[in-house]
Amino acid sequence: MKLPVTLQNAYEKNRLAHAYLFYGLPPGKYHNYVKHFFQLLACDSEQSPCGDCLECKQIEQLIHPDLLVLNEQNEKITVKKVREKIITRAELTPARGARIYFWINDISRLTDSASNALLKVLEEPPGEAIFLLTARSRWQCLPTIRSRCQWIRFTTSRQRPNSPLEALQNFWNETTPDDEEVAGWKQLLTGETTSDKISWSRKKARNFLSFLLACVHLGYTEPELEDSYKNIIEQRNLTYRLVPAILERLAELEQGGQPLLIVNSILEEIYYPEENQQWLNVI
Ligand SMILES: [Zn+2]
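Rules used in this analysis
Residues numbered from 1 in each chain as written. Predicted model: local features only at pLDDT ≥ 70, side-chain atom pairs only at ≥ 80, totals over all residues. Heavy atoms only, no water. Donors = N, O, S within 2.8 Å, 3.2 Å for Na, K, Ca; no water. Tetrahedral: all angles 85-135°; square planar, octahedral: opposite > 155°, others 65-115°. Helix = DSSP H or I, 4+ residues; strand = E, 2+ residues; numbered from the N terminus. Buried < 20%, exposed > 50% of the residue type's maximum accessible area, 1.4 Å probe, protein only. Salt bridge = Lys/Arg side-chain N within 4 Å of Asp/Glu carboxyl O. Pairing = 2+ DSSP bridges. Axes fitted to C-alpha atoms, helices over the stretch in contact; angles between N-to-C directions. Contact = heavy atoms within 4.5 Å. Parallel < 35°, antiparallel > 145°, perpendicular 65-115°, else oblique. Left-handed = near helix turned anticlockwise from the far one by under 90°. Arc of directions from axis to C-beta.

*Asks:* Explanation requested: the coordination of the zinc ion in the structure shown.
*Replies:* Each donor-metal-donor angle would ideally measure 109.5 degrees in four-coordinate tetrahedral geometry, or 90 or 180 degrees in six-coordinate octahedral geometry. For the zinc ion, the protein coordination sphere consists of Cys-43 (SG), Cys-50 (SG), Cys-53 (SG) and Cys-56 (SG), at 2.3 Å. What the four donor atoms of the zinc ion show is an angle range of 104 to 119° at the metal, which sorts the shape as tetrahedral. Linear spacing of the donor residues for the zinc ion on their chain is C-x6-C-x2-C-x2-C. Pair noted here: Cys-43 is in the loop between helix H2 (31-42) and helix H3 (54-60) and Cys-53 is in the loop between H2 and H3, with a separation of 10 residues, a long-range link. The two residues Cys-43 and Cys-53 agree in class, both being buried.

What follows is the structure in structure tokens.
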């Protein structure tokens, strides 16, 4: 098992960050990397990670007393869970080793209040803790959380999709759709949003990636995807208030960026970072 070079280097030079955001893989694909990383840090042997010592074994089984994991699939991570599992534990000293390790898998599951609670810990991390967040895309978390983490990109050796739409469809097929989020976007895209629904839409449709997913889910073709994007730009005042994640991308549009290129800039992170330039030129 090999960790990305930047992470390996940080470890070797003893320059580890307090918080990492691993992104680029489906949430179910991080287990081995996460365990390897924590074993590397906790292992007692000179040949770290040895796989045989108590530290390595307990991390392998995710039962290490200094390892806290939030990994219930498809369940929202509430502020209560963050308080119980993360915050109260982060205040304590490690039970055995030098550090406490936290792993939150699929951060798109964090509710707003849970995100804010987590942010507070990340802003003032306890000395011996390492926080590891994992996500499909780094755009799935609040910008404030993102900026507190060191980003480490993971890639899969998958075949390159032929078009943005195909990439989205692949992604959609591997993702458990959040119906409420799709519905929130549908309201925005079709202009159904009324003032009493704005706060609901805002809550559900805050993720740019989910915008793309909703477009695919609703059967949009590429030109329609571009059109829907333009419509959103026309509703700018509304959108500005509604969707912080889109705001970031809209700024690029205003500087002359092309909608599909901006969509691609997100997709390339997920699918084929190395081939990014080539692929963008094809569009
Ligand atoms: Zn070991």
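*Asks:* Can you walk me through the pattern of salt bridges in this structure?
*Replies:* Under the defined criterion, the tally for this structure stands at six salt bridges. In this structure, the salt-bridge partner of Lys-80 is Glu-84, at a minimum N-O distance of 3.4 Å. In this pair, Lys-80 and Glu-84 both sit in helix H4 (residues 79-90), four residues apart, roughly one turn of the helix. Its relative accessible area of 48% is what places Glu-84 among the partly exposed residues.

*Asks:* Even after reading the chapter, I still don't get the sheet that holds strand S5 (residues 150-153), so can you show me in this structure?
*Replies:* Two modes of strand pairing occur in sheets, parallel and antiparallel, and in both the strands are linked by backbone hydrogen bonds. Overall, parallel pairing links the five strands, which are arranged S2-S3-S4-S1-S5 in an open sheet. Each having just a single partner strand, strand S2 (67-70) and S5 make up the two edges of the open sheet. Pairwise comparison of adjacent strand axes, ignoring direction, gives a mean angle of 20° for this sheet. The pairing of strand S1 (residues 19-23) with S5 spans four bridges and is parallel. If you follow Leu-21 over to S5, its bridge partner there is Trp-151. Sheet strands touched by helix H5 (residues 112-123): S1, strand S3 (100-105) and strand S4 (129-135). Its angle to S4, the strand with the most contacts, is close to 140°.

*Asks:* Looking at this structure, how should I read the packing of H4 against H5?
*Replies:* Each packed pair of helices is defined by two parameters, the angle between the axes and the distance between the axes. Remark: H4 packs on H5, axes separated minimally by 9 Å, with the N-to-C direction vectors making an angle of 10°. When the interaxial angle is binned, H4 and H5 end up roughly parallel. Here H4 runs over H5; the crossing is right-handed. From H4, Val-79, Val-82, Ile-86, Ile-87 and Ala-90 reach across to H5, where they touch Ser-113, Ala-114, Ala-117, Leu-118 and Val-121.

*Asks:* Just to check I follow, could you spell out H4 for this structure?
*Replies:* Among the residues making up H4, those that are buried are Lys-81, Val-82, Ile-86, Arg-89 and Ala-90. Buried residues in H4, looked at end-on, bunch into an arc of 115°, giving them a common side. Buried residues belonging to H4 abut S2, S3, H5 and S4.

*Asks:* What should I look at first to understand the side chain of His-36 in this one?
*Replies:* Relative to the helices and strands, His-36 resides in helix H2. With a relative accessible area of 16%, His-36 lands in the buried category. Apart from the residues within four sequence positions on either side, His-36 is in contact with Met-1, Leu-3 and Pro-49.

*Asks:* Got a minute to help me understand unusual backbone geometry in this structure?
*Replies:* Residues other than glycine predominantly adopt negative phi, and peptide bonds predominantly adopt the trans conformation. Across the junction of Ser-48 and Pro-49, the peptide omega takes the value -5°, indicating a cis bond. With respect to the helices, strands and loops of the structure, Pro-49 is situated in the loop between H2 and H3. Of note in the backbone geometry, Asn-14 takes a positive phi value of approximately 55° without being a glycine. With respect to the helices and strands, Asn-14 occurs in the loop between helix H1 (5-12) and S1. Judged by relative accessible area, which is 64%, Asn-14 ranks as exposed. The phi dihedral of Leu-62 falls on the positive side, at around 55°, and the residue is not glycine. If you trace the backbone, Leu-62 turns up in the loop between H3 and S2. Residue class for Leu-62 comes out partly exposed when judged on its relative accessible area of 29%.

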